[in-house]
Amino acid sequence: MSEIVVIGGGLAGSEAAWQAAERGCRVTLYEMRPEKMTPAHQSGQLAELVCSNSLGSNLVDRAPGLLKQELRVLGSMVLACADAAAVPAGAALAVDREAFSGCVTERVACHEGITLVREELRSIPEEGIVVVATGPLTSAPMSDSIASLTGSGHLSFYDAMAPIVAADSVDLQIAFRASRYGRGSGGLPLDGEGGDYINCPMSREDYDVFLDKLLGAETIPLRGFEREDAHFFEACLPVEELARRGPMALAFGPLKPVGLRDPRTGRRPFAVVQLRQDNLAATLYNLVGFQTNLKWGEQERVFRLIPGLAHAAFMRYGQMHRNTFLCSPALLKPTLQYSRRDGLLFAGQLTGTEGYIGSVASGLVAGLNAARLARGESPVAFPGTTMIGALCRYVSGAEAQSFQPMKPNFGLLPPLDPPISQKRDRYQAYAVRALADLGRFTEASGVLLHRGQPG
């Protein structure tokens, strides 16, 4: 049985390597960090999270929650590490960054079937079974190799990171703890006072002053290659760019106050800035929805206008970085194989499966299909009624000319028959159908993990 090469030790690459090794394959995983860093990463740990620490909803009647449940059924190692490193975040799954990446690094590095090589692989091997999961910050030599192979080049977009503040620097005489609609961890109602988020309430006057200063703040100049294509990816729009879309864009977006009441007034604030726990020790909190390209000094000046953050200690400033992705519909099959070379697979945000969980999902598909190819078996495409199958079918089958990365959402799934008008009932029905179809598929295809299968 031939060896499998996985390029990239992010979420997708780590998952792909693990899935293949658990199926008895020999895997060599190449990760260039820490020998060569990216503009956004800060460590050499595998699966380092460089944007939010939230992996989205855990509720099965939400698209990210459904995808997580499918991944748990399929034996995702990365999701198991996320569950082990979880911090309170209402109905969402958020993690302690260091604990999470440390768990993934340890499990991969200690796996008897995986050889972890800490060096940059500058081109795609011409032979053998290869999974390319180099991520949205693919190095220039590897980007050139991919572009040379595919003949299509890359598309580009921009991603942004939110600032992180020290929890003990937030004024809780002004801010208050609560989750929307009183939901606690896991989406259950809270008993008594408190909540998973710190909320900074704004009056209309507070909001208007903040908006004025935000719109007048200086941003970091774009670099040469960024100025050539200065647009922003809609799923992670910088807060200052969103504010330019209209005076109420923030109030109806990341600062919406729905489901929250200020315990000091008994009323819903005009707007609310939410802070989400960022580590297990609950010493760090990130500003939800506040991805930004403001200069660092400007971030302190403007964000300290938020009630409760007048004396905030910024432990990490927000920043932007360039991301790249393939025009996957012109290149990939639903199995994530390259259309002109069956033994070459792509995974992660490079394919357009946007977001952390989407990256894990595509890594799992690529890893198990690489193992099947190594074992002389046919690769599999997951049912389109499952979220994991729908994502893979989207990136391989969308309109190529207008292709953009996509996060998991119920709009990717085929309609129910008969249709259900109520949204909540419809989403629950989607989840029931997806998990039932996944169960039948796994039984028929034999894709579930069986450690140490003979090669």
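Residues numbered from 1 in each chain as written. Predicted model: local features only at pLDDT ≥ 70, side-chain atom pairs only at ≥ 80, totals over all residues. Heavy atoms only, no water.

With that settled, consider the side chain of Thr386. With respect to the helices and strands, Thr386 occurs in the loop between helix H10 (356-374) and helix H11 (387-397). Its relative accessible area of 0% is what places Thr386 among the buried residues. At a separation of 2.6 Å, a polar atom in the side chain of Thr386 contacts the main-chain carbonyl oxygen of Pro383. Not counting chain neighbours up to four residues away, the residues in contact with Thr386 comprise Glu70, Leu413, Ala434 and Leu438. (Helix = DSSP H or I, 4+ residues; strand = E, 2+ residues; numbered from the N terminus. Buried < 20%, exposed > 50% of the residue type's maximum accessible area, 1.4 Å probe, protein only. Polar contact = N/O pair within 3.5 Å; in protein donor to acceptor, adjacent residues only side chain to side chain. Contact = heavy atoms within 4.5 Å.)

Before going further, it helps to spend a moment on helix H3 (residues 77-84). Considered for burial, the residues of H3 that qualify are Met77, Val78, Leu79, Cys81 and Ala82. The backbone nitrogen of Val78 lies 3.5 Å from a side-chain oxygen of the residue at the head of H3, namely Ser76.

What follows concerns the confidence of the model for the protein chain. Confidence along the protein chain averages 91 in pLDDT terms, with 91% of residues attaining 70 or more. Confidence drops under pLDDT 50 across residues 186-193; counting only partners more than four residues distant or on other chains, this segment forms 16 contacts. (pLDDT = per-residue confidence, 0-100.)

We now examine unusual backbone geometry. With the exception of glycine, most residues fall at negative phi, and the peptide bonds are largely trans. Cis peptide bonds are those with omega within 30 degrees of zero, and the linkage from Arg33 to Pro34 qualifies with 5°. Structurally, Pro34 can be placed in the loop between strand E2 (27-30) and strand E3 (54-57). Cis geometry marks the peptide bond from Asp417 to Pro418; its omega dihedral reads 5°. By the element assignment, Pro418 lies in the loop between H11 and helix H12 (423-445). With a phi angle near 60°, Ala282 is a residue other than glycine that sits in the positive phi range. Looking at the secondary structure, you find Ala282 in the loop between strand E12 (271-277) and strand E13 (284-287).

A few words now on the pattern of salt bridges. Counted under the stated rule, the structure contains 17 salt bridges. Of the charged contacts, one joins Lys295 and Glu218 as a salt bridge, the two residues approaching to 3.4 Å between their closest N and O atoms. In this pair, Lys295 is assigned in the loop between E13 and helix H9 (296-303) and Glu218 in the loop between helix H6 (204-216) and helix H7 (224-227), connecting sequence segments 77 residues apart. Of the charged contacts, one joins Arg264 and Asp262 as a salt bridge, the two residues approaching to 3.9 Å between their closest N and O atoms. Relative accessible area serves as the criterion here: at 46%, Arg264 is assigned to the partly exposed category. For Asp262, a relative accessible area of 9% gives the class buried. Overlapping salt bridges bring together Glu31, Arg33 and Glu48 as one network. (Salt bridge = Lys/Arg side-chain N within 4 Å of Asp/Glu carboxyl O.)

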